[in-house]
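Single-letter residue listing:
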Amino acid sequence: MSHLISRTFVSTALSLGLLALAPDAHAGNGKIAIKAGRVITMVGPDIVNGVITIEDGRITGVSADAKAAWDAEVLDHPELVAFPGWVEAHSNRGMDRPNENVPVAPFLDVRDSIDPISFYFEDSLRAGVLTINVQQGNACVIGGQGMVVKPFGLTIEQMLVKQGSGLKLVAGARPGRSRATQAQELRKAFLDLRQYLDKLVQDKQDGKDYARREALFQGKDLEKEENKKGRAFEGTANWKVPGLEAIPRGEIDDQKEPLLRLVEGKLPAFMYCDSGSSVQLALDVARANGFLANTVLVLEGDSWKAADAILEAGVPVVLSPNLMYVERDPLTGKETETFVPKVFSEKKIRFALQSLNPSAQSLWFQAAQCVANGLDRTAALEAATRTPADILRLGKRVGSLEQGKDGNVVLLSGDPLSVRSTVQYVVIGGNLVYDRSKDVRMKHLMNGVEPNNTAPGGVMLDASGHPCNDAPTVDEKSKTDKGEKPPEEKPHDDHKDEPKKD
Amino acid sequence: MKLTWMLGGLACVASNAHALLRPAADDKDERKAWTVRATKIYTSTGRTIDKGVVIVNNGKISAVTPGSDEGDASTELRVYAVTAGLIDASARIGVSMDAVEQSREVAPEVRVASAVDLFSPAWERQVECGVTTVLVNPPDRDVIGGLGVVLKTAGDNAIAKRTLKPDAVLRGAMGSDPSQGNHPAFGRPTDFYSRRPTTRMGVEWEWRKAFFDTAQSKQDASKKFPGVERLEEVLAGKLTLSIQAWTTQDIRTAVFLKEEIEREGFGKPRLFIDAAAEAWKEPQLLARSKTPVVLPPFPVGGRTDDGAFMAWNVAQLLQEQGIVVALSAHGNSELDGRLAMQAGYAMRGGLSFDEALAAVTINPARLLGVEDRVGSLEVGKDADLVLWNGEPFEPTARVVGVIVDGVLRVDPRPKQ
Amino acid sequence: MSSFALFLSLLPGVADRPLAIRAEHVLLGDGRTLEPGVVVIEGGKLQHVGAEKDVDVPAGAGRIDHKGWLSAGLIGLHGYSTATGELRDTTRTTLPEARVAWAFDARHPELRDLLAEGVTSFVLTPSPSSLSGGASAFVKCAGGKIVTREAQLSLGFSDQNLSFNRFPTSHGGALAELERLFAKPTGTIEKCAQGELSALFEVETPSDVHRAIDFAKRHKLVGALSGADWTGEVAKDVKASGLSVVASTLRVGEDRRTLRAMVALGAADVPFGFGLDAPFSHPATLRLSAALCIREGLARDKAWRGLTAESARIAGVEKRVGNLAEGLDADLVLWSGDPLELSSSVVAVYVDGERAFAAEER
């Protein structure tokens, strides 16, 4: 029992330890140059001994002879490989719970539940996943709005990359419900919206001002420009609300407004489908309510069997983390396996991968599996970088190492798809935010090094029976007692030129 | 020449990508003679052949040589890489609770071979993962659960014909697994499971008692009990002892027990520790007793069964100490958990490719005493081969062909 | 039909007096049909069976002229009717001296259900609950006769024979115990070991089948495998072992895998009989099982044998029942049509020469 207690203590101590290492939140002069033995740009051939220059958080140059500014910090690692960060197109981790127990809740936003110190973000950073779209989970009908974040920062604002990344809708039957119920609830959500809007218009025409009074009661400033004006109903839904222009937008209930924005084509939609039949439902609902052009399907189960319908609808997809779909013939007992990304690759449907878990089997692993099963290496890499970036409408900001894009770079010890490669450094927005040699948790996991004062029994011995580097010797222990810093927080000698870290 | 080679390899890869080919077991192709040409032949003897050929005849390997890549495509198999069939020394497939005799805590005479279900789909899945030989043990619900058996993963469905080595190890466990289900006799109606042990010390007590009773029965025949002959064989070093011990304290208990047996002159048991997740904490202990180790699957967060923490460099640490390390996947056949992937994770943790290859081929073969038959690509050994479309153990490659005892079980050739 | 009913109502049911039944079709055990044929019953036994022209009907014999089919009574191999609750004892590891015959209730209403579906006799078996549940009994569905109190000895090789809460909990322990019993056999186990009493191997999975076959081979036992749906998938091994199979009752909509396995058994020439599983399955499923298998591809004659002669042989009573042959018990059924056609129904049933059941007039 005491073993378990001390282990819990270790984990907590480790997480706090890592946070203590996080550099300061403000950038220095914002200039950094990264030199790597190989630079994988994702827009053309790899560059040998390439240099990536970043200024003010954006990449200013990527080439074999890019010149660094004289006052830039230089990360010079000819032994490493530079790679744009992986992009996770859809995730519901990193929050306390992925769903609220209200089935139709377009007004909820993940920004209110993302936990910046969740291990998920830490592990994503370690794995080089630098752009993550956090959405609600799948136990809902309309779950709420998502947000694209970077896995670094102590507050949501620091993590923010893009707000309102899309509305989460679920076409698959949620737990405990039937498909028919789910379909009915999904359609009804839009019917309710329509009826609500019609009633608004009707009330206005009848001279009733309930909506206005309610909005004022809720404290909305109806004099603000965007709240004051009315606007006609837009979009390609197969239903319309004539007379909507008479309603000042501020009087539309906040709980329903995101759904209206979706229908008017102003908000992307991420629709979760757990089967081929739910794909059909999702496409029908999207078409009928005018948001098919903004829809991304998030697939699970045998949804891949509806690939033709998806191709026809022209929507991109995010694939389930389980890439190999297995079916068992009940008659013979034989199992047939289908490698799902291959189906979409052959039909030329744009697809993004999801990580299996944020650590050892992250996006790199999924892309590697694609290569193993016959996909082109470039296609596999794109499915975890440029395609998800495009899906998230951040194609101009992330997904490749190109001039003008965000200064996000991952430095790996080897090829990004090799199991032996590890992420050594991560730069986000031009700031060095991760240094593996200082990663206490990684040292524990990969090398069995337990940090000071956390191992039961005192001194840790390494394989040859000597005290471990990080284990305190008698002298160091007394130093700690005197209140001096423990060894790993000693500053670097060349610290004076380093920009302050985020 | 290289171009045609690569094209041939690409063709194999492309055509296999969509749907996995079914094993050729019940198809027409039951012949046991093959010519396998590969760009890389990893023999597990320390020798790698660049561009060579492995010839299989009558179910055995008859040649492993450098060679040309010309050949008759209709009768030959061409792939990027070949290794020996993988061996999982702790496979945990084909058995369930009816394979462990829980009426007693010490049941050395019970043979798990009586309960192995060769019809479980898990076998085919293991073949597709490239695992050709496994050690199957009774589930660890008893202190000493019985006799494990080494089986091939494909072949006849009669257990006798699939057995590579019967009664290969005597299996037991330290730690909390054997206490599962047991409870003290007070406070509730008694049943079968109201008995010792309910704690680690109780488990160790049962071990000591078993060996003590064995020693006693040598003097006094009236003290003989079912299975005592097996324990005598263990003491004599004729039957290998496999003890599951996840945590440091359990590993210590097992090793100290063995050392005490030797010191007191009761015998010289041969021991290997299974699921030694925390072996990284005291590698010198295992080194001084030269105890080989089978590692469990690498856990993503480090935390694994029985409260143990497994650091990913455990294999490397142990190798450096000269300890023989074998990896295992515990029956997992998923993309991220299968034995080939465990070898990949071991490389991530610091092993070289050759060391990782040994840990899933020749090392477990030696541990189980079947290295004369399997574990490497050498002339005379069983024709158990795994064919890959890339570098083995990297997730960018996968198993495209498997031959077990000379029979092609997974066909790398494009479907006609 | 109505004239036949008239005949029936006129006949006294006197066993001593010989009875000649002429039927348009008489279905013999080897699948041949006599068209028409005559069967003469006397003293509860079949005296003559043959084509009409070949049979001399004794003077003074009663006569029945049946426009439909006549066949031997169906045999329900393996059933629990009339004694369900008393066939399980899980408290002991083995109970080889138990005789299920003690649990047989000759007046049980379930017997009427059996007769109504043409089942004239069946094997009452112990429920799989321990390593040996005892000896099964062969009983008649009318008249209360127990033909034998020791038809087969149950030996358990499936999970159902193990227990969570008593020895053995494992197949290894079970085999060790069975080996121990057969090493120094006594009582019914001795008879079984010497080949005098056939064994009923209780199995469920193909692994169980293999284990049972190995055990039978080691101890040179004869008998039948009972309880595995897909025994046919290892038909070659079963054939090589010389054991027979008691097929599980099939249900409509049963997965086709079971049906294919049955056809495979037939193709491999493995002797089998259809199990009854009554009262958990309705006795009508006996014929239904046969019909489904025939539709799947099983040879008709094998299906018919599986309902009659083969089942009798498996139960060790082939000298008494299972066929329309001289000297055997007069257990027969008058059908409205071919018994292997589901559109046919039972018209009348005779057990030991006595009319035991007559269908009501529609």
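Just so it is clear, the model here is predicted, and its values are computed rather than measured. (Residues numbered from 1 in each chain as written. Chains lettered and ligands numbered in written order. Predicted model: local features only at pLDDT ≥ 70, side-chain atom pairs only at ≥ 80, totals over all residues. Heavy atoms only, no water.)

**Focus on the packing of helix H4 (residues 200-219) of chain B against helix H6 (residues 248-263) of chain B**
Residues and elements named next belong to chain B. The cut-off we apply is this: Between N-to-C directions, angles cover 0 to 180 degrees, with each direction set by a line fitted to C-alpha atoms, over the stretch in contact for helices. What counts as a helix is a DSSP run of H or I of at least four residues, what counts as a strand is a run of E of at least two, and both are numbered from the N terminus. Here roughly perpendicular refers to angles of 65 to 115 degrees, roughly parallel to angles under 35, roughly antiparallel to angles over 145, and oblique to all remaining angles. In a left-handed crossing the near helix is turned counterclockwise from the far helix by less than a right angle, and in a right-handed crossing that turn is clockwise. The contact definition used throughout considers only heavy atoms, calling two residues in contact when any of these lie within 4.5 Å. Residues are grouped as follows: nonpolar covers Ala, Val, Leu, Ile, Met, Phe, Trp, Tyr, Cys and Pro; charged covers Asp, Glu, Lys and Arg; every other residue, Gly included, is treated as polar.
Two numbers describe how H4 lies on H6: the axes approach to 12 Å, and their chain directions differ by 20 degrees. When the interaxial angle is binned, H4 and H6 end up roughly parallel. In this structure, the crossing between H4 and H6 has a hand that is right-handed. Taking contact as the criterion, the partners of Arg200, Glu204, Trp207, Arg208 and Phe211 in H4 are, on H6, Gln249, Asp250, Thr253, Leu257, Glu260 and Ile261. Classifying every residue of the contact of H4 with H6 gives 4 nonpolar, 2 polar and 5 charged.

**Side note on the interface of chain B and chain A**
This is how it is decided: When two components associate, each loses some accessible surface as probed by a 1.4 Å sphere; the sum of these losses over both components is called the buried area. Any Lys or Arg side-chain nitrogen found within 4 Å of a carboxyl oxygen on Asp or Glu counts as a salt bridge. Polar contacts, as counted here, are pairs of nitrogen or oxygen atoms within 3.5 Å of one another; within protein the pair requires one atom able to donate a hydrogen and one able to accept it, and residues that are adjacent in sequence qualify only if both atoms are side-chain atoms.
With 47 residues of chain B at the contact, the number on the chain A side is 46 residues. In this assembly, chain B packs against chain A so that about 3900 Å² is buried in total across both faces, 54% of it on carbon and sulfur atoms. Linking chain B with chain A are 3 salt bridges, by the criterion used here. Across the pair B:Glu394 and A:Arg420 runs a salt bridge whose closest N-O atoms are separated by 4.0 Å. Our enumeration of links across chain B and chain A arrives at 14 residue pairs in polar contact (both at pLDDT 80 or more). Every element with two or more residues in the side of chain B that touches chain A is listed here: helix H1 (2-16), helix H2 (121-128), helix H7 (283-288) and helix H9 (339-348) of chain B. Looking at which element gives the most residues to the side of chain B that touches chain A, the answer is H9(B), with 5 residues. By residue class, the composition of the side of chain B that touches chain A is 23 nonpolar, 12 polar and 12 charged.

**Focus on the sheet that holds strand E7 (residues 119-124) of chain C**
Residue and element names in this part refer to chain C. Operational definition: A pair of strands is treated as paired once DSSP finds two or more bridges between them.
In spatial order, the strands read E6-E7-E9-E10; together these 4 strands make up an open sheet with mixed pairing. The sheet is open, and its two edges are formed by strand E6 (74-79) and strand E10 (146-148), each paired on a single side. Between one strand and the next, the sheet's axes are offset by a mean angle of 25 degrees, whatever the strand orientation. The pairing of E6 with E7 spans 4 bridges and is classified as parallel. Across the sheet, the residue bridging to Ile75 is Ser121, located in E7.

**Thoughts on a negative patch on the surface**
Test applied: Patch definition: residues above 30% relative accessible area lacking any salt bridge, with like charges linked at up to 9 Å and the nonpolar side chains Val, Leu, Ile, Met, Phe, Trp and Tyr linked at up to 5 Å. To measure how exposed things are, a 1.4 Å probe is used in the Shrake-Rupley method; for residues, cover is taken only from the protein chains shown. Positive charges come from Lys and Arg, negative ones from Asp and Glu, while His and the chain ends are left out of the count. For this purpose, a charge sits on NZ of Lys, CZ of Arg, CG of Asp or CD of Glu.
A cluster of acidic side chains, namely C:Asp159, C:Glu204, C:Asp229 and C:Asp255, defines a negative patch on the protein surface. Relative to the helices and strands, C:Glu204 is located in the loop between strand E12 (198-202) and helix H5 (206-219).

**Let's talk about the domain arrangement of chain C**
Residue and element names in this part refer to chain C. We count it as follows: Residue ranges for the domains originate in an automatic or database domain assignment.
One can read the domain layout of chain C as domain 1 (2-73 + 324-358) and domain 2 (74-314). The interface of domain 1 with domain 2 comprises 27 residues on the first partner and 22 residues on the second. Between domain 1 and domain 2, the buried area comes to about 1900 Å², and carbon and sulfur atoms account for 63% of it. At the junction of domain 1 and domain 2, the tally comes to 5 salt bridges. Across the salt bridge formed by Asp338 and Arg300, the nearest N and O atoms sit 2.7 Å from each other. Where domain 1 touches domain 2, the interface holds 8 residue pairs in polar contact (both at pLDDT 80 or more). When contributions to the side of domain 1 that touches domain 2 are tallied by element, the ones reaching two or more residues are strand E5 (62-72), strand E16 (332-335), strand E17 (346-351) and strand E18 (354-358). Broken down by element, the side of domain 1 that touches domain 2 gets its largest block of residues, 4 residues, from E17. Here the side of domain 1 that touches domain 2 is composed, by residue class, of 16 nonpolar, 5 polar and 6 charged.

**Some thoughts on helix H8 (residues 276-288) of chain A**
Residues and elements named next belong to chain A. We count it as follows: Multiplying 1.5 Å by the residue count of a helix minus one yields the expected span of that helix. Accessible area is worked out with a 1.4 Å probe on protein chains only. A residue is then buried under 20% of its type maximum, exposed over 50%, and partly exposed in between.
With 13 residues, H8 extends 19 Å from end C-alpha to end C-alpha; this agrees with the ideal 18 Å at 1.5 Å per step. Along H8, the residues classified as buried are Gly276, Ser278, Val279, Leu281, Ala282, Leu283, Val285 and Ala286. Gly290 sits one or two residues past H8 and shows a positive phi near 75 degrees.

**Brief notes about the nonpolar core**
Under the convention used in this document: For the purposes of this section, nonpolar cores are sets of buried Ala, Val, Leu, Ile, Met, Phe, Trp, Tyr and Cys residues that join through side-chain atoms within 4.5 Å.
Core analysis: the biggest nonpolar cluster contains 196 residues, and A:Leu297, A:Phe344 and B:Phe393 have the highest contact counts within it. Ranked by the residues each element gives to this core, the list is headed by helix H4 (residues 179-205) of chain A, at 9 residues. Excluding residues that lie within four positions of it along the chain, A:Phe344 makes contacts with A:Leu299, A:Trp304, A:Ala307, A:Ile310, A:Val317, A:Leu319, A:Ile349 and A:Phe351. One finds C:Val100, C:Ala137, C:Leu265 and C:Val349 within the second-largest nonpolar core, a separate group that totals 76 residues.

**Digging into the side chain of A:Asn99**
Residues and elements named next belong to chain A. Mapping Asn99 onto the fold places it in the loop between strand E5 (86-91) and helix H2 (119-127). A polar contact is formed between the side chain of Asn99 and the backbone oxygen of Gly137, at a distance of 3.3 Å. At a separation of 2.8 Å, a polar atom in the side chain of Asn99 contacts the main-chain amide nitrogen of Ala139. Once residues lying within four places of it in the same chain are set aside, the contact partners of Asn99 are Gln136, Gly137, Asn138, Ala139 and Cys140.

**A word on empty space enclosed by the protein**
All names here are of chain A. For clarity, the threshold we go by: In this analysis a 1.4 Å probe is tested at points of a 1 Å grid over the protein atoms alone, and where it fits but cannot get out there is a cavity; an open set with protein on both sides within 12 Å along at least five of seven lines is a pocket; lining residues have an atom within 4 Å of a point. Grid points are joined across faces, edges and corners, and a volume is the space filled by probe spheres set on the points.
Under the definition given, this model contains 9 cavities of 30 Å³ or more. Its volume calculated, the largest cavity comes out at about 250 Å³. Put simply, the parts of the chain that give the lining of the largest cavity at least two residues each are H2 and helix H14 (440-447). Classifying every residue of the lining of the largest cavity by side-chain character gives 13 nonpolar, 4 polar and 4 charged. Its volume calculated, the second largest cavity comes out at about 70 Å³.

**Describing the side chain of B:Thr361**
All names here are of chain B. As for its placement among the helices and strands, Thr361 is situated in the loop between helix H10 (353-360) and helix H11 (362-368). When its relative accessible area of 0% is taken as the criterion, Thr361 is described as buried. In this view, Thr361 contacts Ser44, Ala84, Gly85, Leu86, Ile87 and Gly375; residues no more than four positions away in its chain are not counted.

**So, the sheet that holds strand E13 (residues 385-388) of chain B**
All names here are of chain B. Spatial strand order, E3-E2-E1-E4-E13-E14-E15: 7 strands in an open sheet with mixed pairing. The open sheet is flanked by strand E3 (60-66) and strand E15 (407-410), the only strands paired with a single partner. Direction aside, the axes of adjacent strands within the sheet are offset by 35 degrees on average. When strand E1 (residues 34-42) meets strand E2 (residues 48-57), the two strands line up antiparallel, connected through 8 bridges. Its bridge partner lying in E2, Arg37 is registered against Val53.

**Notes on the pairing of E16(C)**
Residue and element names in this part refer to chain C. Taking every second residue as pointing to the same face, both faces of E16 are buried, with Leu332 and Leu334 on one and Val333 and Trp335 on the other. Two strands pair when backbone bridges link them, and E5 and E16 are joined in this way by 4 bridges, in the antiparallel orientation. Opposite Trp69, over in E16, you have Trp335 as the bridge partner. Of the strand pairs in this sheet, E16 and E17 are connected by 4 bridges, and their pairing is antiparallel. Residue pairing across strands places Leu334 opposite Ala348, the latter belonging to E17.

**A few points about the pattern of salt bridges**
Under the defined criterion, the tally for this structure stands at 89 salt bridges over all chains. Here B:Glu262 makes a salt bridge to B:Lys268, at a shortest N to O gap of 3.9 Å. You can call B:Glu262 partly exposed: its relative accessible area is 29%. Taken together, the salt bridges that share partners define one network made up of C:Lys45, C:Lys140, C:Lys145, C:Arg320, C:Asp329, C:Asp331 and C:Asp352.

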